[in-house]
Amino acid sequence: MPDTNPAPVADGGPPALTRDDVARLAHLARIDLSDAELDHLAPQLAVILESVAEVSQVAADDIPPSSHALAMQNVFRADEVRSCLTPQEALAGAPQVDQQRFSVPRILGEEQ
Amino acid sequence: MTPELTRLTAVETAAKIAAREVTAVEVAQAHLDRIAEVNGTLNAFLHIDTDGALTQAKRVDAGEVEGPLAGVPLALKDVIVTRNVPTTAGSKILEGWIPPYDATIVERMRDAGIVVLGKTNMDEFAMGSSTEHSAYGAAHNPWDLERTPGGSGGGSSAAVAGFLAPLGIGTDTGGSIRQPAAVTGTVGTKPTYGGVSRYGLIAFSSSLDQAGPCARTVLDAALLHAVIAGHDPRDSTSIDADVPPVVDAARDGDVSGMRVGVVKEFAGEGYQDGVTVRFEEAVATLAGLGADVVEVSCPHFDYALAAYYLIAPSEASSNLARYDAMRYGLRVGDDGDASAEEVMAATRAAGFGAEVKRRIMLGTYALSAGYYDAYYGQAQKVRTLITRDFENAFTTVDVLVSPTTPTTAFKLGERVDDPLAMYLADLCTIPSNLYGGPAMSVPCGLSDDGLPVGFQVMAPVLADDRLYRVGAALERATGSDRLLEQVTNL
C-alpha cells in the first residue's frame, strides 16, 4: 500500500473519510477487515469523526497539551536483582514454542 | 448453606466470620451456590474459581490472614490478571490465556483475606457502556433482565446488585465503574488516578485507566478502597503518598459546612426526567444536612466526550498493538506459508470484536500524520482546559456533583449498533478521568420507571475521602443501602 494519507481536513468541514481510507487504516492497524466490515465501518467512523471534530471549536492555541493526569517525570526504582518468570512460565501462553523460544511465522519475504 | 449469607454487607459478613458465628468457607460456599443458581440468567461471571475461593476461605478460617474484610467474597473484573486463573478481558483474542502473574491489587486483596469468587463479564477490553461488546455475551441487570447492568464493568455491578458477591472490582477509563453502579443501584468509586496500582490491569487507555471498588454500601466500598490503594513501585504512575482517609470519612458522613457545587452543564436536554427529579432531591437533601450548595459552571465539560473519544482510542490503538499473535493469545492463519504480518492481521480480524476494531481504527486515524495536531493534539489541549475547569471550581467548592449518567438502564440491543448513542452514557463521568480526580456514584433512589438513579460526586486529586463523606451522608438520609432489597426477581 502507498504510504500516503487521506485528504486533509477541510476548514471546519467534516473529514472526508472514504472506504479506501478505512482500508488503509485497517492495513496500518494490521486488521484484515472483510468487505462487509469496510462497508459498515466507513460511514460509522465518518459520523464519529464528525462528532469528535467539535474539539476544534475550542480556542486553545496558547494552551499546553496534557498527555497525562499527573505531572510525573523520570520515576526510578532501585536497580536490584529480583526473581522473575521462569522460561516455562514466560512461554506457557505462547501459540508455538521451539525449545526455549517463541516460534513465529516467517518475518522475511521470499526475495529477502 | 444459609441463603441469607448472600444478603449481608461486607462489614456484616466480616463481623460474623470474626465472631466465629459462621466460617469463611460457609460464606464462600453460599455465594458459589448462589452463582450456580443465577449466573446462567445474569451472565455476570465468565469464570468461577471455586478451588481458589475455598482455599483462600480456609486460610481465613485457619487464622492465617485477618483484617476488616477477611473472608468477604468478591467479584473481580476480568481485565485484572490473576495467576493460574483464566483472564480474557472479554475478548476472544485472550480466550484460554492463563496469566503467569497476579496484579498488585490481587496480591493486596489476598493479603487482606478477601475471597475472589471468579472473573466477571465486561465489554471487550473495557470498551463499552453495556457489556454488549463482550465476546461472551451481555450481562443482565438484576433489576430488569432485559436491560443492561451498565458497562464496561457490568459483570461486577450485576454480581453485586444480584447478591452474587458483596464486593466487586471494576476499572474506570471513562465511567466503567460509576455508570454500571448507577444503573444497578450500587456504589462505585473511581479513585484518584495513580491512587490504585495499575500493575496487572490490562491496558485500554493508560493515562485514564483506574481500578476501584464496587459495593452495596458506601462503607463497604471505602474498606475495599483502603485495601487496594497505596503506592506500588511496579507502577510508575502510582502516587507515593498516604491513602486518603476514606474509611473514616465513610463512617463519619458529616457534610455540614461542606461546599457542594452542582455542575450547570450536566442538566437539561437528554436527561431523563426521573433522573433529574431524584438528582435534585438528593442535592436538596445535602443542603438539608448543612451543606452549602451552589451552582458551578465548567464550560469545557461540554467538550469532554469529544476529547475522550480521541484520546482513549488513540492510546488503545497503541496499547492493543501487543495482541500480535506471537507470544500469547490467539494465533490464526499460521499455515506455514503465511508471513508473520499476515498471521497478525488475520488473528486481529478474528480475535477483536466490532467496537474494539472501531476504536483501533479511530485511534490509528487520530494519530496519523496530517491529523495528529487537529485531533489528538487538540484533544490534549482540551484536556488541559477541563483540568483547569476542575481546579477553578475547587477554589470555591469542596466537591462537584451531577447525575452519574443521563438515563436509567437502557434496554439490551437499543444502542449496540449506534456508537454515538452508546458513548453518551459516559457524558458526565468522563471529565474526572481526563482530570485524574476521584469520583463516585452512589444510589439516590428510583426513577419513575422503577429503575435506580446514580448520584455522582467528584473531588480534587487525592481528596477521595470527600466522596465517601458525601456518599455516606446521602446513603444515611435516603436509606439507599436498603434499595437493593427490592431486587427479588432472581
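Computed from a predicted structure; not experimentally measured.

## Let's talk about the side chain of B:Ser339
Next, step 1: With respect to the helices, strands and loops of the structure, B:Ser339 is situated in the loop between helix 10 (304-319) and helix 11 (340-351).
Next, step 2: Of the residues examined, B:Ser339 reaches a relative accessible area of 11% and is grouped as buried.
Next, step 3: When residues no more than four places from it in sequence are discounted, the contact partners of B:Ser339 are A:Pro105 and A:Arg106.

## What to know about a negative patch on the surface
Next, step 1: A cluster of acidic residues, A:Asp32, B:Asp335, B:Asp337 and B:Glu342, forms a negative patch at the surface.
Next, step 2: Secondary-structure assignment places B:Asp335 in the loop between helix 10 and helix 11.
Next, step 3: Given a relative accessible area of 57%, B:Asp335 falls into the exposed group.

## Quick word on helix 7 (residues 218-228) of chain B
Residue and element names in this part refer to chain B.
Next, step 1: For helix 7, the tally of buried residues reaches 10 of 11 residues, placing the bulk of the element in the interior.
Next, step 2: Among the residues of helix 7, those classed as buried are Val 218, Leu 219, Asp 220, Ala 221, Ala 222, Leu 223, Leu 224, His 225, Val 227 and Ile 228.
Next, step 3: Immediately beyond the C-terminal end of helix 7, within one or two residues, lies Gly 230, with a positive phi of roughly 115 degrees.

## Some words on the sheet that holds strand 9 (residues 399-403) of chain B
Residues and elements named next belong to chain B.
Next, step 1: Spatially, the 11 strands line up as an open sheet ordered 1-3-2-4-6-5-10-11-9-7-8, and their pairing is mixed. One side of each edge strand has no neighbouring strand; the edge strands of this open sheet are strand 1 (45-48) and strand 8 (292-296). Mean inter-strand twist for the sheet, computed between neighbouring axes without regard to direction, equals 30 degrees.
Next, step 2: Here five bridges tie strand 2 (residues 73-77) to strand 3 (residues 115-120), and the two strands are oriented parallel to one another. Directly across from Pro 73, in strand 3, lies its bridge partner Val 115.

## Some thoughts on the interface of chain B and chain A
Next, step 1: Counting from both sides, the interface comprises 65 residues of chain B and, opposite them, 58 residues of chain A.
Next, step 2: Summed over both partners, the interface of chain B with chain A comes to about 5300 Å²; 67% of that surface belongs to carbon and sulfur atoms.
Next, step 3: Run the count over chain B and chain A and you get three salt bridges.
Next, step 4: The partner of B:Arg83 in a salt bridge is A:Glu89, and the shortest N-O contact between them spans 3.2 Å.
Next, step 5: Between chain B and chain A we count 20 residue pairs in polar contact (both at pLDDT 80 or more) in total.
Next, step 6: Sorting the residues of the side of chain B that touches chain A by element identifies helix 10, helix 11, helix 12 (354-366), helix 13 (373-393) and helix 14 (419-423) of chain B as the ones contributing at least two each.

## Observations concerning helix 2 (residues 24-42) of chain B
Residue and element names in this part refer to chain B.
Next, step 1: Along its length, helix 2 reaches its greatest deviation from straightness, about 40 degrees, at Ala 36.
Next, step 2: For helix 2, the complete set of buried residues consists of Ala 24, Val 27, Ala 28, Ala 30, His 31, Leu 32, Arg 34, Ile 35, Val 38, Asn 39 and Leu 42.
Next, step 3: For helix 2, the secondary structure elements touched by its buried residues are helix 1 (10-18), strand 1, helix 3 (50-61), strand 2, strand 3 and helix 5 (154-161).
Next, step 4: Just past helix 2, the residue Asn 43 takes up positive phi, approximately 55 degrees.

## Details of the packing of aromatic side chains
Residues and elements named next belong to chain B.
Next, step 1: In this structure the tally under the stated criterion is 18 aromatic pairs over all chains.
Next, step 2: Between Tyr 323 and Phe 352 the ring centres are 6.4 Å apart and the planes differ by 90 degrees, which places this aromatic pair in the edge-to-face class. Taken together, the residues span a long stretch of sequence, with Tyr 323 in the loop between helix 10 and helix 11 and Phe 352 in the loop between helix 11 and helix 12 at a distance of 29 residues.
Next, step 3: A residue is classified by how much of its surface remains accessible, and Tyr 323, at 5% relative accessible area, is buried.
Next, step 4: These aromatic residues form a ring-pair network of at least three members: Trp 97, Phe 125, Tyr 323, Tyr 328 and Phe 352.
Next, step 5: Positioned above the aromatic ring of Phe 163, the side-chain terminus of Arg 7 is 3.7 Å from the ring centre.
Next, step 6: Directly above the ring of Phe 410 sits Arg 415, whose terminal nitrogen or CZ lies 4.1 Å from the centroid.

## Remarks on a nonpolar patch on the surface
Residues and elements named next belong to chain A.
Next, step 1: Together, Phe 102, Val 104, Ile 107 and Leu 108 make up a nonpolar patch on the protein surface, roughly 380 Å² of accessible area in all.
Next, step 2: Examined against the element boundaries, Phe 102 turns out to sit in strand 2 (residues 101-102).
Next, step 3: Assessed through its relative accessible area of 35%, Phe 102 is described here as partly exposed.

## Observations concerning the confidence of the model for chain B
Next, step 1: A residue-level look at chain B finds 99% of positions with pLDDT of 70 or above and a mean pLDDT of 97.
Next, step 2: We note a pTM of 0.96 for the whole complex and an ipTM of 0.92 for its interfaces.

## Side note on the packing of helix 2 of chain B against helix 3 of chain B
Residue and element names in this part refer to chain B.
Next, step 1: Contact pair helix 2 / helix 3: the axes reach a minimum separation of 7 Å and the direction vectors enclose 155 degrees. Between helix 2 and helix 3, the angle falls in the class roughly antiparallel. Note on element contacts: helix 3 touches helix 2 through Thr 50, Leu 54, Ala 57, Lys 58, Val 60 and Asp 61, opposite Ala 24, Val 25, Ala 28, Gln 29 and Leu 32.
Next, step 2: Looking at the contact of helix 2 with helix 3 residue by residue, the classes come out as seven nonpolar, two polar and two charged.

## Let's talk about unusual backbone geometry
Most peptide bonds take the trans form, and the phi angle of most residues other than glycine is negative.
Next, step 1: Here the residue pair B:Gly151 and B:Ser152 is connected by a cis peptide bond, since its omega of 10 degrees sits within 30 degrees of zero.
Next, step 2: With respect to the helices, strands and loops of the structure, B:Ser152 is situated in the loop between strand 3 and helix 5.
Next, step 3: The backbone of A:Gln99 sits at a positive phi, close to 50 degrees, despite the residue not being glycine.
Next, step 4: By the element assignment, A:Gln99 lies in the loop between strand 1 (97-98) and strand 2.
Next, step 5: Of note, the phi angle at B:Arg20 is positive, near 65 degrees, even though the residue is not glycine.
Next, step 6: With respect to the helices and strands, the residue B:Arg20 is situated in the loop between helix 1 and helix 2.

## Some remarks on the nonpolar core
Residues and elements named next belong to chain B.
Next, step 1: The biggest cluster of nonpolar side chains holds 141 residues, and the ones touching the most others in it are Met 109, Phe 125, Leu 400, Phe 455 and Tyr 468.
Next, step 2: Considering every element that reaches this core, the biggest residue donor is helix 10, with 10 residues.
Next, step 3: Counting residues in each nonpolar core, the second largest holds 27 residues, with Leu 8, Ile 35, Phe 45 and Ala 165 among its members.

## Comments concerning the pairing of strand 7 (residues 259-263) of chain B
Next, step 1: Among the five residues of strand 7 of chain B, four are classified as buried, and the element is accordingly described as predominantly covered.
Next, step 2: Handedness of the strand 7 of chain B-helix 9 (residues 273-288) of chain B-strand 8 of chain B crossover: right-handed.

## Details of the packing of helix 4 (residues 104-111) of chain B against helix 7 of chain B
Residue and element names in this part refer to chain B.
Next, step 1: Direction vectors running N to C along helix 4 and helix 7 enclose 115 degrees, while the axes themselves pass 8 Å from each other. One finds that helix 4 runs roughly perpendicular with respect to helix 7. On helix 7, the residues touching Ile 105, Arg 108 and Met 109 of helix 4 are Leu 224, Val 227 and Ile 228.

## Looking at the pattern of salt bridges
Next, step 1: Considering all chains together, one arrives at 23 salt bridges over all chains under this definition.
Next, step 2: Across the salt bridge formed by B:Asp102 and B:Arg110, the nearest N and O atoms sit 2.6 Å from each other.

## Side note on the side chain of B:Asn319
All names here are of chain B.
Next, step 1: With respect to the helices and strands, the residue Asn 319 is situated in helix 10.
Next, step 2: Within polar-contact distance, the side chain of Asn 319 engages the backbone oxygen of Phe 204 at 3.1 Å.
Next, step 3: If we skip the residues at most four places from it in the chain, Asn 319 touches Ala 203, Phe 204, Ser 205 and Ser 206.

Here is what the cut-offs are and how they apply
- Residues numbered from 1 in each chain as written.
- Chains lettered and ligands numbered in written order.
- Predicted model: local features only at pLDDT ≥ 70, side-chain atom pairs only at ≥ 80, totals over all residues.
- Heavy atoms only, no water.
- Helix = DSSP H or I, 4+ residues; strand = E, 2+ residues; numbered from the N terminus.
- Buried < 20%, exposed > 50% of the residue type's maximum accessible area, 1.4 Å probe, protein only.
- Contact = heavy atoms within 4.5 Å.
- Patch = residues over 30% accessible without salt bridge, like charges linked within 9 Å, V, L, I, M, F, W, Y side chains within 5 Å.
- Areas by Shrake-Rupley, 256 points an atom, 1.4 Å probe, with all protein chains shown as cover.
- Salt bridge = Lys/Arg side-chain N within 4 Å of Asp/Glu carboxyl O.
- Lys, Arg positive; Asp, Glu negative; His and termini not counted.
- Charge placed at Lys NZ, Arg CZ, Asp CG, Glu CD.
- Pairing = 2+ DSSP bridges.
- Axes fitted to C-alpha atoms, helices over the stretch in contact; angles between N-to-C directions.
- Buried area = accessible area lost by both parts, 1.4 Å probe.
- Polar contact = N/O pair within 3.5 Å; in protein donor to acceptor, adjacent residues only side chain to side chain.
- Bend = angle between axes of the 7 residues up to and from the residue.
- Phe/Tyr/Trp six-rings, centres within 6.5 Å; stacked < 30°, edge-to-face > 60°.
- Lys NZ or Arg CZ within 6 Å of the ring centre and 35° of its normal.
- pLDDT = per-residue confidence, 0-100.
- Parallel < 35°, antiparallel > 145°, perpendicular 65-115°, else oblique.
- Nonpolar A, V, L, I, M, F, W, Y, C, P; charged D, E, K, R; others polar.
- Core = buried A, V, L, I, M, F, W, Y, C linked by side-chain atoms within 4.5 Å.
- Right-handed = clockwise from strand over helix to strand, strands pointing away.

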